[in-house]
Amino acid sequence: MTALNRVPSLMVRAGTASALTIAAVGGSIVVPGVASDAAAATPATKALQIAASKKGSPYKWGAIGPRRFDCSGLTLYSFKKAGKKLPRTAAQQYNRTHHISARSRKAGDLVFFHSGSSVYHVGIYAGKGKIWHAPKTGDVVKLQKIWTKSVWYGRVS
(Lines give C-alpha, C1' and ligand atoms only; values in the text may rest on other atoms or scores of the structure.)
Protein backbone atom coordinates (compact mmCIF):
# COMPACT_ATOMS: atom_id res chain seq x y z
CA MET A 1 0.00 0.00 0.00
CA THR A 2 1.38 3.41 -0.91
CA ALA A 3 1.48 6.36 1.47
CA LEU A 4 -1.25 8.06 -0.57
CA ASN A 5 -3.56 5.07 -0.11
CA ARG A 6 -2.99 5.11 3.67
CA VAL A 7 -3.92 8.81 4.09
CA PRO A 8 -7.71 8.29 4.17
CA SER A 9 -7.46 5.63 6.89
CA LEU A 10 -5.10 7.85 8.87
CA MET A 11 -7.62 10.71 8.53
CA VAL A 12 -10.40 8.48 9.84
CA ARG A 13 -8.32 7.42 12.84
CA ALA A 14 -7.24 10.98 13.57
CA GLY A 15 -10.77 12.34 13.07
CA THR A 16 -9.65 15.54 11.35
CA ALA A 17 -7.99 16.53 8.12
CA SER A 18 -7.02 19.77 6.51
CA ALA A 19 -8.70 20.94 3.32
CA LEU A 20 -5.36 20.51 1.55
CA THR A 21 -5.13 16.87 2.67
CA ILE A 22 -8.68 16.12 1.55
CA ALA A 23 -8.04 17.74 -1.84
CA ALA A 24 -4.79 15.79 -2.22
CA VAL A 25 -6.61 12.47 -1.93
CA GLY A 26 -9.44 13.50 -4.25
CA GLY A 27 -12.05 14.21 -1.61
CA SER A 28 -14.45 17.08 -1.42
CA ILE A 29 -15.40 19.54 1.25
CA VAL A 30 -19.00 20.43 2.02
CA VAL A 31 -19.47 23.94 3.33
CA PRO A 32 -22.94 24.53 4.78
CA GLY A 33 -24.86 27.28 2.96
CA VAL A 34 -22.56 27.34 -0.07
CA ALA A 35 -23.89 25.77 -3.26
CA SER A 36 -21.65 24.30 -5.91
CA ASP A 37 -21.34 26.24 -9.18
CA ALA A 38 -23.58 23.72 -10.95
CA ALA A 39 -26.27 23.85 -8.27
CA ALA A 40 -26.13 27.66 -8.08
CA ALA A 41 -26.69 28.20 -11.80
CA THR A 42 -30.26 29.36 -12.33
CA PRO A 43 -32.05 29.00 -15.68
CA ALA A 44 -31.47 32.75 -16.21
CA THR A 45 -27.73 32.37 -15.57
CA LYS A 46 -27.59 29.36 -17.88
CA ALA A 47 -29.51 31.25 -20.59
CA LEU A 48 -27.06 34.15 -20.30
CA GLN A 49 -24.12 31.76 -20.69
CA ILE A 50 -25.76 30.11 -23.70
CA ALA A 51 -26.40 33.48 -25.37
CA ALA A 52 -22.78 34.50 -24.74
CA SER A 53 -21.60 31.22 -26.30
CA LYS A 54 -23.32 32.30 -29.52
CA LYS A 55 -21.09 35.37 -29.87
CA GLY A 56 -20.41 36.05 -33.55
CA SER A 57 -23.40 34.06 -34.86
CA PRO A 58 -24.99 35.91 -37.79
CA TYR A 59 -28.31 37.71 -37.49
CA LYS A 60 -31.09 36.36 -39.68
CA TRP A 61 -34.65 37.60 -39.41
CA GLY A 62 -36.91 34.80 -38.14
CA ALA A 63 -34.01 32.51 -37.17
CA ILE A 64 -34.10 30.63 -33.84
CA GLY A 65 -30.67 28.98 -33.94
CA PRO A 66 -28.55 27.12 -33.44
CA ARG A 67 -26.29 28.95 -35.94
CA ARG A 68 -28.30 32.09 -36.86
CA PHE A 69 -30.64 34.20 -34.75
CA ASP A 70 -32.89 37.19 -34.69
CA CYS A 71 -33.30 38.98 -31.35
CA SER A 72 -36.18 36.96 -29.92
CA GLY A 73 -34.82 33.81 -31.54
CA LEU A 74 -31.66 34.18 -29.43
CA THR A 75 -33.62 34.64 -26.19
CA LEU A 76 -36.01 31.79 -27.06
CA TYR A 77 -33.10 29.46 -27.90
CA SER A 78 -31.05 30.40 -24.83
CA PHE A 79 -33.89 29.93 -22.36
CA LYS A 80 -35.07 26.72 -24.05
CA LYS A 81 -31.57 25.24 -23.62
CA ALA A 82 -31.73 26.38 -19.97
CA GLY A 83 -35.04 24.57 -19.47
CA LYS A 84 -37.52 27.46 -19.82
CA LYS A 85 -40.08 27.97 -22.57
CA LEU A 86 -40.66 31.38 -24.13
CA PRO A 87 -42.98 32.42 -26.97
CA ARG A 88 -41.52 33.46 -30.33
CA THR A 89 -41.61 37.28 -30.58
CA ALA A 90 -40.15 40.01 -28.37
CA ALA A 91 -43.64 41.39 -27.63
CA GLN A 92 -44.97 37.93 -26.72
CA GLN A 93 -41.92 37.34 -24.51
CA TYR A 94 -42.53 40.65 -22.74
CA ASN A 95 -46.11 39.62 -22.04
CA ARG A 96 -44.93 36.28 -20.61
CA THR A 97 -42.34 37.68 -18.16
CA HIS A 98 -42.64 39.10 -14.67
CA HIS A 99 -42.05 42.82 -15.17
CA ILE A 100 -39.40 44.33 -12.90
CA SER A 101 -37.80 47.73 -12.35
CA ALA A 102 -34.39 48.72 -13.65
CA ARG A 103 -33.19 48.77 -10.04
CA SER A 104 -34.28 45.15 -9.59
CA ARG A 105 -32.69 43.82 -12.78
CA LYS A 106 -30.17 40.99 -12.58
CA ALA A 107 -27.95 39.23 -15.07
CA GLY A 108 -30.13 36.85 -17.04
CA ASP A 109 -33.22 39.09 -17.06
CA LEU A 110 -34.67 40.10 -20.40
CA VAL A 111 -34.34 43.68 -21.65
CA PHE A 112 -37.16 44.87 -23.90
CA PHE A 113 -36.71 47.88 -26.13
CA HIS A 114 -39.89 49.80 -26.83
CA SER A 115 -41.29 52.73 -28.71
CA GLY A 116 -44.36 53.94 -26.86
CA SER A 117 -46.21 50.77 -25.91
CA SER A 118 -44.72 48.64 -28.72
CA VAL A 119 -41.85 46.26 -27.95
CA TYR A 120 -39.49 45.97 -30.93
CA HIS A 121 -36.32 44.30 -29.62
CA VAL A 122 -35.10 42.02 -26.82
CA GLY A 123 -31.77 40.97 -25.32
CA ILE A 124 -30.47 39.22 -22.20
CA TYR A 125 -29.08 41.47 -19.47
CA ALA A 126 -25.42 40.71 -18.80
CA GLY A 127 -24.84 43.22 -15.97
CA LYS A 128 -23.09 46.59 -15.96
CA GLY A 129 -25.61 48.09 -18.39
CA LYS A 130 -24.87 45.57 -21.17
CA ILE A 131 -26.88 42.95 -23.05
CA TRP A 132 -26.24 39.94 -25.26
CA HIS A 133 -28.39 40.29 -28.35
CA ALA A 134 -28.76 39.71 -32.07
CA PRO A 135 -29.00 43.31 -33.30
CA LYS A 136 -29.98 43.47 -36.98
CA THR A 137 -29.39 42.21 -40.52
CA GLY A 138 -25.69 42.31 -41.39
CA ASP A 139 -24.64 42.11 -37.72
CA VAL A 140 -23.82 39.27 -35.32
CA VAL A 141 -24.70 38.19 -31.78
CA LYS A 142 -22.70 40.42 -29.46
CA LEU A 143 -22.39 42.07 -26.08
CA GLN A 144 -23.38 45.73 -26.26
CA LYS A 145 -24.12 48.62 -23.94
CA ILE A 146 -27.81 49.49 -23.63
CA TRP A 147 -28.12 52.57 -25.85
CA THR A 148 -31.48 54.01 -24.78
CA LYS A 149 -33.60 54.59 -21.70
CA SER A 150 -36.67 53.27 -23.53
CA VAL A 151 -36.36 49.78 -22.08
CA TRP A 152 -38.42 47.57 -19.84
CA TYR A 153 -37.17 44.55 -17.89
CA GLY A 154 -38.73 41.14 -17.50
CA ARG A 155 -37.80 38.08 -15.47
CA VAL A 156 -38.51 34.62 -16.82
CA SER A 157 -40.15 32.46 -14.18
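Residues numbered from 1 in each chain as written. Predicted model: local features only at pLDDT ≥ 70, side-chain atom pairs only at ≥ 80, totals over all residues. Heavy atoms only, no water.

Novice: Explanation requested: the packing of aromatic side chains in the structure shown.
Specialist: When we look at a pair of aromatic rings, we describe it by the centre distance and by the angle of the planes. On inspection of all chains with the given rule, the structure shows six aromatic pairs. Centroid distance Tyr-125 to Tyr-153: 6.2 Å. Interplanar angle 85°. Geometry classified as edge-to-face. With Tyr-125 in strand β3 (residues 118–127) and Tyr-153 in strand β6 (residues 151–155), this residue pair connects regions lying 28 residues apart in the sequence. Comparing Tyr-125 with Tyr-153 shows no difference in burial state: the two are buried. Each member of the aromatic cluster is reached from another via a ring pair, and the members are Tyr-94, Phe-112 and Trp-152. (Phe/Tyr/Trp six-rings, centres within 6.5 Å; stacked < 30°, edge-to-face > 60°. Helix = DSSP H or I, 4+ residues; strand = E, 2+ residues; numbered from the N terminus. Buried < 20%, exposed > 50% of the residue type's maximum accessible area, 1.4 Å probe, protein only.)

Novice: What should I look at first to understand a positive patch on the surface in this one?
Specialist: A contiguous patch of positive charge on the surface is contributed by Lys-80, Lys-81, Lys-85 and Arg-96. Along the polypeptide, Lys-80 turns up in helix α5 (residues 71–81). For Lys-80, a relative accessible area of 63% corresponds to the exposed category. (Patch = residues over 30% accessible without salt bridge, like charges linked within 9 Å, V, L, I, M, F, W, Y side chains within 5 Å. Areas by Shrake-Rupley, 256 points an atom, 1.4 Å probe, with all protein chains shown as cover. Salt bridge = Lys/Arg side-chain N within 4 Å of Asp/Glu carboxyl O. Lys, Arg positive; Asp, Glu negative; His and termini not counted. Charge placed at Lys NZ, Arg CZ, Asp CG, Glu CD.)

Novice: In this structure, what is going on with the nonpolar core? I would like to understand it.
Specialist: In summary, soluble globular proteins display a tendency toward joint burial of nonpolar side chains. In this structure, Phe-69, Phe-79, Leu-110, Phe-112, Val-122, Ile-124 and Val-141 are the most contacted members of the largest nonpolar core, which totals 24 residues. Among the elements of the structure, α4 (43–53), α5, α6 (90–96), β2 (110–115) and β3 are those that each provide at least two residues to this core. Broken down by element, this core gets its largest block of residues, five residues, from α4. The contact partners of Phe-69, leaving out residues within four places of it in the chain, are Lys-54, Ser-57, Pro-58, Tyr-59, Lys-60, Ala-63, Ile-64, Leu-74, Tyr-77, Ala-134 and Val-141. (Core = buried A, V, L, I, M, F, W, Y, C linked by side-chain atoms within 4.5 Å. Contact = heavy atoms within 4.5 Å.)

Scope: geometric values only; no functional claims are made or implied.
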